[in-house]
Structures are given as C-alpha cells and as structure tokens.
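# Survey of secondary and tertiary structure
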Amino acid sequence: MIDAVMPTYTRTPMGFERGEGCWLYDTEGNKYLDAGAGIAVSSLGHCNPVLIEALVNQAEKVWHTSNLYRIPKQEELASLLVQNTFADTVFFTNSGAEAVECTVKMMRKYWSAAGQPDRHQVITLKSSFHGRTIGMISASGGEKLTKGFGPILPGFVQVEEPSIKKIAKIISTNTAGILVEPVMGEGGIIPLGDSFLRNLRLLCDDHNILLALDEIQCGMGRTGKLFAHEWANIRPDIMAIAKGIGGGFPLGACLATEKAAYAMQAGTHGSTYGGNPLACAVGCQVLKTIADDVFLKNVRNSARWLRQQLESVIATYPDIFTEVRGEGLMLGIKCKVSNLDVVNSCYDQLLLTVPGGDNVIRILPPLIISEDELKQMIDKLENAASSLKDKQNA
Ligand SMILES: *Cc1c(COP(=O)(O)O)cnc(C)c1O
C-alpha cells in the first residue's frame, strides 16, 4: 500500500521533533549537528528566539489579508531588500520555484511590452536547478527532472557548460535573457566564478538582453556576502531568492530593477499567499540580522576556518574524498566513494549533511554556527570517513 505521504523522496528514518541553534533532536532522543540547515534554509539556526518573537508577535495580530490590501510587513521587507540590493522593486512568493517563475515571466513580459514578443527564449545551464514546477523543470531541462513529465515547455535552451563563448553562440533574436545560479547548488556546489559572472554581465549588456540570477540557495549571506553576485561586483537585472530569507518559514521573492519590471503592471501577476504577514515578519528579522557587516564578516571567518579544516580532512582521507569547493558556508566535498554512503556514515556520527549532484556532499550549516560547533563538525566528519575506510579495508 502506498504511504500516506506520497513517496517522492527517499527519506531517512529519523524524524526530528525539536531544534535549537545548530542542533536537531530526533524522536529517539538523539542529538544531531545540523550541517545542512534543511538545505540552506535555517540560516539563523533552529528556534532562533529573535525569529520566534517576530513570528509570535505577528501571529497575535493578523495572519492573512491577501494582496487585495496593503500588507505593512511586506512593504517593510520590500524596502529593506531594495535598500540592501541592486533592486528597485520586489514580488513575494511562497517558494523558490515561484520566485524563478516570476523571473521568467518578467523577462518575457519585458520583451513583449517592448514590441518584441519573439524574444521569449531564456538561456540556462545544464545541471542547473530552478525548482520543480513544469516551467522550472523545463528551464533546467535535466533528464532527472523532466523524465515522464513531458511535454516540457518551449522557450528554454541549456548550454552544456558555463562557457561565455558557448553562450554567446546561441544568443539570437529570440533570446530574452540568461538565467544562472552564481553558485550552482543541487548540481553539486559549482561556483561560476567572478570573472565568468562579470563576462556574463558584459555579454548581456552587449546584446541588450536581461541577466537573471537564481540566488535561492547561494544568497542571503550563504557565501559571506549578502548575495553571491556581490563577490563579482556585478548587478543583475532580476534575482530570485527564497530558502535562507525565511529562516524556515516559507518565503521567496523576485527582485528587479525598475527597468526590468516596467511591464509587470497591475493584474499581470499574483499570489494568494505571497508576502503574507507571518512570512514577512520573519523575513524582516532574518534580513536585518544577516545584512550586517559584522554578521557577514563572522560568516567569512567561519568559512575560512572550516575550509582549511576540510582541506586537511580530505588530505587525510584521499580514498574517501577528492576535493572541497564552493564559497563561504556553501561547500561541497566531492567524494571518491558514493556520496550517499558518506551522508549515511555522517548520520551514524549524528551529523546531517546533504547529498548533491556530481557525487558531492553539501555542507550548508546555519550561518550562526560557532567555532566549537565547527570543530565538532570536523570531528564527526573525520569519524565518518574513518569508519568508511575501515569498511573498505574489511
Ligand atoms: C531550492 C532551489 C529552488 C527551488 O526552491 P523551492 O522552494 O523548492 O521551490 C530553485 N533554485 C535553486 C537554486 C534552489 O536551490
């Protein structure tokens, strides 16, 4: 008989009933160190008192009114996002996929309103991940996402590898813009790099097309800057965010310049829940906390230390690991053995990591992780590697 919960995930058996900071407690009483943060979502840790207060305060006032009326918390969060980014305007969603959907709709509307409706094609990268709607699996195009769900939508073309030359070759009079993740997440923690992003910006400028970034996983302080593209010192036209901005409450957003959003007029797009008072109350606190020089400097310091330690773990266990890559606290360790075996071995050590594409395990801890907790993470990872090595030798 089919499970009451539709079996679209291969779930591990433990279930968590309580969390605090970087720690999760399962129903058996085990205490796990969370180096996955629910896939880069719980950016300020579990049950952060500041976020609890924001949520409870709002819960006692009003939960939902719809976007038929002004939502003060939504306006506050939009202003904060505008103050802290390239953007002039923000559309709120409940999830990442919806945020990228808005991005793609905006690109098409932009050209349609400019009298060039044939410019509807968006260039993306192979191995990219933009969510699970029909639109977003069509954007990524990967067999793993699309198989059996066809017909997928036209209007997307994937480039085999992040190469400016290859992208330049497929730009045509049908191209609306380019959509990439500055650090690819699900694909296996693949940073596109500062010079690539700068050249991509120049390419879009040369061809007068739109540059859209998906910072759903790599944004919100994850790389040690508020947004990953800031390392390359570029400004996109549109950006999708989600995950970390809600700190565990479902929240996403599509940020844009005034120019890119000029055709998104009243009645063109909407969402019943998007920008809901509860989500935005939490989002405001998350953003105020992370968009702070001292906070981000701490992330960079933690990241530097963690990276050095990981390099040495890899050097000690060359039969298990091959390399570490990524930016800030968005790291991928490429495995020589199956990444799923490594993730399982980490579970045995009460450490939560997340598998990713290209046989990596992802390290995406809450951004507030302390030095002592990072040390415990390294110890657990070494124990996991050591026990895998013992098994290999047995
Ligand atoms: C998680 C993710 C998405 C999809 O977000 P959902 O909230 O699951 O819809 C899109 N893009 C990237 C880069 C992601 O990491």
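Residues numbered from 1 in each chain as written. Predicted model: local features only at pLDDT ≥ 70, side-chain atom pairs only at ≥ 80, totals over all residues. Heavy atoms only, no water.

So, on to the layout of surface pockets. As a volume, the second largest pocket reaches approximately 550 Å³. Gln74, Thr89, Val90, Phe91 and Phe92 are the residues nearest the centre of the second largest pocket, which is lined by 23 residues in total. The class makeup of the residues in the lining of the second largest pocket is 12 nonpolar, nine polar and two charged. (1 Å grid on protein atoms, 1.4 Å probe; cavity = no way out; pocket = protein on both sides within 12 Å on 5 of 7 lines; lining within 4 Å. Points joined across faces, edges and corners; volume = space filled by probe spheres on them. Nonpolar A, V, L, I, M, F, W, Y, C, P; charged D, E, K, R; others polar.)

Let us look at the domain arrangement of the protein. When its domains are assigned, the protein resolves into domain 1 (2–34 + 293–393) and domain 2 (49–290). Facing 21 residues of domain 1, the contacting portion of domain 2 comprises 21 residues. Summed over both partners, the interface of domain 1 with domain 2 buries about 1,700 Å², with 63% contributed by carbon and sulfur atoms. Ranking the residues of domain 1 by area buried against domain 2 places Glu327, Met330 and Arg362 at the top, with a combined share of 38%. Two residues, arginine 362 and glutamate 186, come together in a salt bridge whose shortest N-O distance is 2.8 Å. Elements that contribute at least two residues to the side of domain 1 that touches domain 2 include exactly α10 (293–316), β13 (321–327), β14 (330–335) and β17 (360–363). At four residues, α10 tops the list of elements feeding residues into the side of domain 1 that touches domain 2. (Domains from an automatic or database assignment. Contact = heavy atoms within 4.5 Å. Buried area = accessible area lost by both parts, 1.4 Å probe. Salt bridge = Lys/Arg side-chain N within 4 Å of Asp/Glu carboxyl O. Helix = DSSP H or I, 4+ residues; strand = E, 2+ residues; numbered from the N terminus.)

This part takes up the side chain of glutamine 74. One can find glutamine 74 in helix α3 (residues 72–84). A distance of 2.9 Å separates a polar atom in the side chain of glutamine 74 from the backbone oxygen of glycine 275. (Polar contact = N/O pair within 3.5 Å; in protein donor to acceptor, adjacent residues only side chain to side chain.)

Where helix α2 (residues 49–59) meets helix α9 (residues 277–290), the axes come as close as 9 Å, and the angle between the chain directions of the two elements is 150°. When the interaxial angle is binned, α2 and α9 end up roughly antiparallel. α9 is crossed by α2, and the crossing has right-handed handedness. Within the contact between the two elements, α2 uses Val50, Leu51, Ala54, Leu55, Gln58 and Ala59 and α9 uses Pro277, Leu278, Ala281, Val282, Gln285 and Val286. In terms of residue class, the contact of α2 with α9 is built from 10 nonpolar, two polar and no charged. (Axes fitted to C-alpha atoms, helices over the stretch in contact; angles between N-to-C directions. Parallel < 35°, antiparallel > 145°, perpendicular 65-115°, else oblique. Left-handed = near helix turned anticlockwise from the far one by under 90°.)

The sheet built from four strands is open, its strands ordered β13-β14-β17-β16 with antiparallel pairing. Edge strands, defined here as strands with exactly one partner in the open sheet, are β13 and β16 (354–356). Sheet twist, expressed as the mean angle between neighbouring strand axes with direction ignored, is 30°. Relative to β14, β13 runs antiparallel, the two sharing six bridges. Following the sheet pairing, arginine 325 is matched in β14 by glycine 332. In the packing of helix α11 (residues 339–348) onto the sheet, the strands contacted are β13, β14, β16 and β17, and the crossing angle to β16 comes to about 175°. (Pairing = 2+ DSSP bridges.)

Here we come to the packing of α11 against helix α12 (residues 371–393). Packing of α11 against α12 brings their axes to within 8 Å, and their N-to-C directions diverge by 120°. When the axis of α11 is compared with that of α12, the two are oblique. The element α11 and its partner α12 pack so that their crossing is right-handed. Every residue of α12 that contacts α11 at Asp341, Val342, Ser345 and Cys346 is listed here: Leu381, Ala384, Ser387 and Leu388. For the contact of α11 with α12, a count of residues per class yields five nonpolar, two polar and one charged.

This part is about the site of the ligand. Looking at the ligand, the residues that line it are Ser95, Gly96, Ala97, Phe129, His130, Gly131, Glu181, Asp214, Ile216, Gln217 and Lys243. With respect to the ligand, the backbone of glycine 96 contributes an N or O atom lying 2.8 Å from an oxygen atom. Its free accessible area being 380 Å², the ligand has 81% of it covered by the protein chains. Partitioned by chemical class, the residues of the shell around the ligand number three nonpolar, five polar and three charged. (Near = heavy atom within 4 Å. Areas by Shrake-Rupley, 256 points an atom, 1.4 Å probe, with all protein chains shown as cover.)

With that settled, the discussion passes to the side chain of threonine 146. Mapped onto the secondary structure, threonine 146 falls in helix α6 (residues 143–146). Discounting residues that sit within four places of it in the chain, threonine 146 has contacts with Ile137, Gly141 and Ile152.

Before going further, it helps to examine empty space enclosed by the protein. Counted under the stated rule, the structure contains one cavity of 30 Å³ or more. If you add up the space inside the largest cavity, you get close to 60 Å³. Taken together, Pro182, Val183, Pro191, Gly193, Asp194, Leu197, Ala228, Trp231 and Glu327 form the lining of the largest cavity.

The amide bond that connects glycine 150 to the next residue, proline 151, takes the cis arrangement and shows omega of 0°. By the element assignment, proline 151 lies in the loop between α6 and β6 (156–159). Positive phi outside glycine occurs at serine 66, with the angle close to 85°. Positive phi is not limited to glycine here, since isoleucine 189 has a value of about 55°. Topologically, isoleucine 189 is positioned in the loop between β8 (183–184) and β9 (190–191). Judged by its relative accessible area of 0%, isoleucine 189 falls in the buried class. (Buried < 20%, exposed > 50% of the residue type's maximum accessible area, 1.4 Å probe, protein only.)

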